[in-house]
Amino acid sequence: MRVLVAGATGAVGRILLPRLLDAGHHVTGVSRTADGAARIRKAGAEAVRADALDAEGLRRAVAEAAPEAVVHQLTDLGGADGAANDRLRREGTRHLVDAARAAGVRRIVAQSISWVYAPGAPGDGPADESIPLDPTREQPRARIVDAVQALETRAAELPEAVVLRYGILYGPGTWYAPGGPVAAALGGDPRARFLGSVEADDSVNSFVHVVDAARAAASALDWPAGTYNVVDDEPAPGHTWVPALARALGTPAPERTTGGAPWARGATNGRARALGWTPTYPSWREGFAHQAG
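Conventions we followed
Residues numbered from 1 in each chain as written. Predicted model: local features only at pLDDT ≥ 70, side-chain atom pairs only at ≥ 80, totals over all residues. Heavy atoms only, no water. Buried < 20%, exposed > 50% of the residue type's maximum accessible area, 1.4 Å probe, protein only. Helix = DSSP H or I, 4+ residues; strand = E, 2+ residues; numbered from the N terminus. Right-handed = clockwise from strand over helix to strand, strands pointing away. Pairing = 2+ DSSP bridges. Expected span 1.5 Å × (residues − 1). Contact = heavy atoms within 4.5 Å. Arc of directions from axis to C-beta. Polar contact = N/O pair within 3.5 Å; in protein donor to acceptor, adjacent residues only side chain to side chain. Axes fitted to C-alpha atoms, helices over the stretch in contact; angles between N-to-C directions. Phe/Tyr/Trp six-rings, centres within 6.5 Å; stacked < 30°, edge-to-face > 60°. Lys NZ or Arg CZ within 6 Å of the ring centre and 35° of its normal.

A.B. asks: Describe in detail the pairing of strand 1 (residues 2-6), supporting the description with residues and values.
C.D. replies: The element strand 1 is extensively covered by neighbouring structure, given that four of its five residues are classed as buried. Each parallel crossover has a hand, and for strand 1 linked through helix 1 (residues 13-22) to strand 2 (residues 26-31) it is right-handed. Two strands pair when backbone bridges link them, and strand 1 and strand 4 (residues 69-72) are joined in this way by four bridges, in the parallel orientation. Opposite A6, over in strand 4, you have H72 as the bridge partner.

Written out as structure tokens, the structure is:
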């Protein structure tokens, strides 16, 4: 299959490219920069340069690649600027879907997130894909949810849209890797910048290692259209996972606190598992320990 990967040099994209190539796909990666395009070619894929916020440039790039499927892994997280990332979800997805439609593409696999569900009642547990997105108007969460809704709605304009709602990504190239901004924050560095929390509270989160996220994206080229949580098997409260991460990173652990975000409930992975995806790291416990060496 001819596959175009938008966001090919990101944390997931750089792992995804060789998996797609090993599976026999003809792969073209998109990058905004010459250095990024060079990294894509070094991985063995073809490269085109385009900015997802430039509609006409992206249209030309997709037409040149002539893909049968598009994999959307676009993020703007380098500066920990939530508004910039939300803009990319809204406008970048709009441009990518329009470019794909113009090129006759029917299938898209799009990266989303699994912490946008509406809060549950006490005892409801983690969210499955039937739970609606959070209707909150409180900022900045409302802006985040609205951008995710826009991404997913626009992706679904293509006939064969697969939306992957990833858990919190950790592993190489992520904020949670050794030496990254989360380790800096746990170590007390006030300059550490990332979007998220390391409060040891009752907020429940779901994680997924970047390798498992990439495996899901590659497999999803053959999945039925729909939405899938791509998370590990162990949603956990901050007072459980934060100390474990701190130990793995060799940093101090924050003191436990009470309370937490009512929407932070974690997610289930039954739909993805039913299609044969199983996480290499069933729990962040093994994954944190592995990335620490």
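A.B. asks: Lay out the pairing of strand 6 (residues 160-166) in plain terms, naming residues and giving numbers.
C.D. replies: Burial within strand 6 is extensive, with six of its seven residues counted as buried. Between the parallel elements strand 5 (residues 107-113) and strand 6, the chain passes through helix 5 (residues 141-155) in a crossover that is right-handed. In this structure, strand 6 lies alongside strand 10 (residues 226-230), joined through five bridges in parallel fashion. Bridge assignment links Y166 to a residue of strand 10, and that residue is V230.

A.B. asks: Lay out helix 5 with the relevant residues and their values.
C.D. replies: Counted at 1.5 Å a residue, the expected span for helix 5 with its 15 residues is 21 Å, and the 21 Å between its end C-alpha atoms agrees. Within helix 5, burial applies to R141, A142, V145, A147, V148, A150, L151, E152 and A155. Against the buried residues of helix 5 lie strand 4, helix 4 (82-102), strand 5 and strand 6.

A.B. asks: So what about helix 10 (residues 284-291)? Which residues, and what values?
C.D. replies: Listed as buried for helix 10 are W284, G287, F288 and Q291. Taken around the axis of helix 10, the buried residues stretch over an arc of 100°, which confines them to a single face. In this structure, the buried residues of helix 10 make contact with strand 7 (168-170), strand 9 (207-209), strand 11 (236-237) and helix 8 (238-249). The backbone nitrogen of R285 has a side-chain oxygen 3.0 Å away, supplied by the residue at the start of helix 10, namely S283.

A.B. asks: Residue-level account of the environment of A218, with values.
C.D. replies: By secondary structure assignment, the location of A218 is in helix 7 (residues 210-219). Separated by 49 residues in the primary sequence, A218 and A267 place their C-alpha atoms 21 Å from one another.

A.B. asks: Go over the sheet that holds strand 1 with me, naming the residues and quoting the values.
C.D. replies: Here we have seven strands laid out as an open sheet, ordered 3-2-1-4-5-6-10, and parallel in their pairing. Both outer strands of the open sheet, strand 3 (46-49) and strand 10, are each paired with one neighbouring strand and no more. Within this sheet the neighbouring strands show an average axis-to-axis angle of 20°, counted without direction. Strand contacts of helix 2 (residues 34-42): strand 2 and strand 3, with the helix running at about 165° to strand 3, the strand carrying the most contacts. Helix 4 rests against strand 1, strand 4 and strand 5 of the sheet, and its axis sits at about 170° to strand 4.

A.B. asks: I'd love a proper account of the packing of aromatic side chains, names of residues and values included.
C.D. replies: Under the definition given, this model contains nine aromatic pairs. Between W284 and F288 the ring centres are 5.6 Å apart and the planes differ by 45°, which places this aromatic pair in the tilted class. Placement of both W284 and F288 in helix 10 is noted, with a separation of four residues, approximately one turn of the helix. Each member of the pair, W284 together with F288, is buried. The ring of W263 carries R141 above its face, with NZ or CZ at 3.8 Å from the centroid. One residue, R271, lies across the ring of Y228, its end atom 4.5 Å from the ring centre.

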